[in-house]
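Next come the chains, spelled out residue by residue.
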Amino acid sequence: MIIKTGITPSPQEEQQQAAQGTSSQSFTPRQIVAELDKYIIGQQEAKRSVAIALRNRWRRQQLSPELRDEIAPKNIIMIGPTGVGKTEIARRLAKLAQSPFLKIEASKFTEVGYVGRDVESMIRDLTELGINMLKEEKKAEVHEKAKGLAEERLLDLLLPPSRSKKDDAQAESGQPSTREKLRKYLHDGRFEDRVVELEVTDRSAPMIEVLSSSGMEENINIKDMLPPGLFPTKTKKRKMKIEEARKILEQEEAQKLIDMDEVISQAIMRVEQSGIIFLDEIDKIAGRESKGGPDVSREGVQRDLLPIVEGSTVNTKYGMVRTDHILFIAAGAFHVSKPSDLVPELQGRFPIRVELDSLDEHEFVRILQEPQNALITQYKALMGTEGIELIFVDDAIQEIASIAASVNERTENIGARRLHTIMERLLDDLSFDAPDLSAETVTIDAAYVKERLTNISEDQDLSRYIL
């Protein structure tokens, strides 16, 4: 939905709005938080921060072009232990906004001059994701037309040219043509198992891997480096069933209908205006230079990261991509280091800092049953495929949450991820035996949970390895 402001947008602005995806640009912060509440329990402060950041993007688009370019995104640092929802908040936000989204660990990068990934590679990856996202959207738009064209090509395979001429003469005499009969059979699914010979593009082309002086790692197709037409497109014949041939032909026809120059142009614009990069483990590069040890210049990585976050232009194989308005959400546990250990310039580029709360027993109870993708719902559905109905009594859910909170307190606190470990251990025997059991109802109560887990959870050494 686009809210009209009384100002007629220019063609460039209309293209920009189309490139951004507009289904959720006008969500209010309250609506965004409500959507996040469906999947993430608690962490209201973090949800409010990201909701405001997303809404500010929509507000920025309503401004005049001169002022719009001056407003930089307010990047966010999320501080909190593992398993409390940092990544999930960013991932759900990107899905809600239909934005190109990349999650990457800051610890993967090394300073320029060392072997490894350079920080600019994240922009190249995000651009690739944006192009794939827009390509899929364009394919969906032309799907029906591509489907019709693919059907005509299938009919050409089933009805050779020599028979087509006779068929035309038959159609002129008023009788139903063979082609139309075959079309009806295709629609009825009678030919799905029939084998046809299809000429498909041979995608095997010589590839070379290049590591440039800037650390840019890319696979380069030799054909892309040489003038067009020098290497003609090779095809090969394959025998396949109609069902498989239809999918290949639909893909080929959709590809012909899509203007890739337009896709690339709109995708780059969408990446620049609404891309989100989630920088996890930012605390791992937060320390100052160490005197020795295995770290490869953590402060150097920060300084390489700085121009990307501040706003620069990165060269990709699709063209130049500006990072001025990409939203960066950094996250880290900050057990050893603290946000003030980042270089001052980088700190200034993350003005919003939000602390996420550790999860306790009460939150675990809610996580198990409230979200749309709750763990209890998932396991019920999985067992349902074997004809087994799982029933979780309330006291069982309370006991699972209690054990998870207790183990987190006594060993490493891994947040809600502890629930996955405990649920797998709890239902281990049932999952193994499920195919051999006849359809039945299995009730999980507190006694069942205690029988399976109490001895393990009470033995601290044992729980350290098993839970």
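Residues numbered from 1 in each chain as written. Predicted model: local features only at pLDDT ≥ 70, side-chain atom pairs only at ≥ 80, totals over all residues. Heavy atoms only, no water.

Draft legend 1. Region of interest: the overall build of the protein. Along the backbone of the protein there are 21 helices and 13 strands. Looking at the 467 residues of the protein, the share that counts as buried comes to 44%. A separation of at least 24 residues holds for 76% of the contacts in the protein among residues at least 6 apart in sequence. Total accessible area on the protein stands at roughly 25,400 Å², and carbon and sulfur atoms take up 50% of it. (Helix = DSSP H or I, 4+ residues; strand = E, 2+ residues; numbered from the N terminus. Buried < 20%, exposed > 50% of the residue type's maximum accessible area, 1.4 Å probe, protein only. Contact = heavy atoms within 4.5 Å. Areas by Shrake-Rupley, 256 points an atom, 1.4 Å probe, with all protein chains shown as cover.)

Draft legend 2. Layout of the environment of Lys338. Structurally, Lys338 is set in the loop between strand 10 (327-332) and helix 14 (344-348). Residues Lys338 and Ala286 lie 52 residues apart in sequence; the distance between their C-alpha atoms is 7.3 Å.

Draft legend 3. Helix 13 (residues 298-310), seen in detail. End to end, helix 13 covers 18 Å across 13 residues, agreeing with the expected 18 Å (1.5 Å per residue, within 8%). Where helix 13 is concerned, the buried positions are Glu299, Gly300, Val301, Gln302, Asp304, Leu305, Leu306, Ile308 and Val309. In this structure, the buried residues of helix 13 make contact with helix 6 (121-141), strand 7 (276-280), strand 8 (313-316), strand 10 and helix 14. Looking one or two residues beyond helix 13, the residue adopting positive phi is Gly311, at roughly 120 degrees. (Expected span 1.5 Å × (residues − 1).)

Draft legend 4. Quick look at the environment of Glu440. For Glu440, the location among the structural elements is in strand 13 (residues 440-444). Once the C-alpha coordinates of Glu440 and Gly387 are considered, the two residues, 53 residues apart in sequence, prove to be 7.0 Å apart. The contact partners of Glu440, leaving out residues within four places of it in the chain, are Gly387, Ile388 and Glu389.

Draft legend 5. Region of the structure containing the pattern of salt bridges. Under the defined criterion, the tally for this structure stands at 25 salt bridges. Residue Lys103 pairs with Glu105 through a salt bridge whose shortest N-O separation is 2.6 Å. Taking the relative accessible area as the measure of exposure, Glu105 reaches 18% and is therefore buried. Residue Glu151 pairs with Arg183 through a salt bridge whose shortest N-O separation is 2.7 Å. Of this pair, Glu151 sits in helix 7 (residues 143-158) while Arg183 is found in helix 9 (residues 178-188), placing the two residues 32 residues apart along the sequence. Put simply, Lys103, Glu105, Lys108 and Asp280 are held in one network by salt bridges that share partners. (Salt bridge = Lys/Arg side-chain N within 4 Å of Asp/Glu carboxyl O.)

Draft legend 6. Spatial organisation of the nonpolar core. Within the largest apolar cluster, 62 residues are counted, with the highest numbers of intra-cluster contacts made by Ile329, Phe392, Met423, Leu426 and Ile444. When residues in this core are grouped by element, the largest group, eight residues, is from helix 17 (residues 394-410). Three or more residues apiece are contributed to this core by two domains, here domain 1 (27-131 + 269-355) and domain 3 (361-466). Counting 41 residues, the second-largest nonpolar core is a separate cluster that includes Ile79, Val119, Ala267 and Phe350. (Core = buried A, V, L, I, M, F, W, Y, C linked by side-chain atoms within 4.5 Å. Domains from an automatic or database assignment.)

Draft legend 7. Structural view of the UniProt feature "binding site: ATP" (unreviewed entry) in the protein. UniProt annotation of "binding site: ATP" (unreviewed entry) refers to Ile41, Gly83, Val84, Gly85, Lys86, Thr87, Glu88, Asp280, Glu345 and Arg417 when read in the numbering used here. Within the element layout of this structure, Glu88 appears in helix 5 (residues 86-97). Mapped onto the fold, Glu345 is located in helix 14. Ignoring any residue separated from it by four or fewer positions in sequence, one finds Glu345 in contact with Arg303 and Leu306. (UniProt positions renumbered as here; feature names shortened; annotations may be inferred.)

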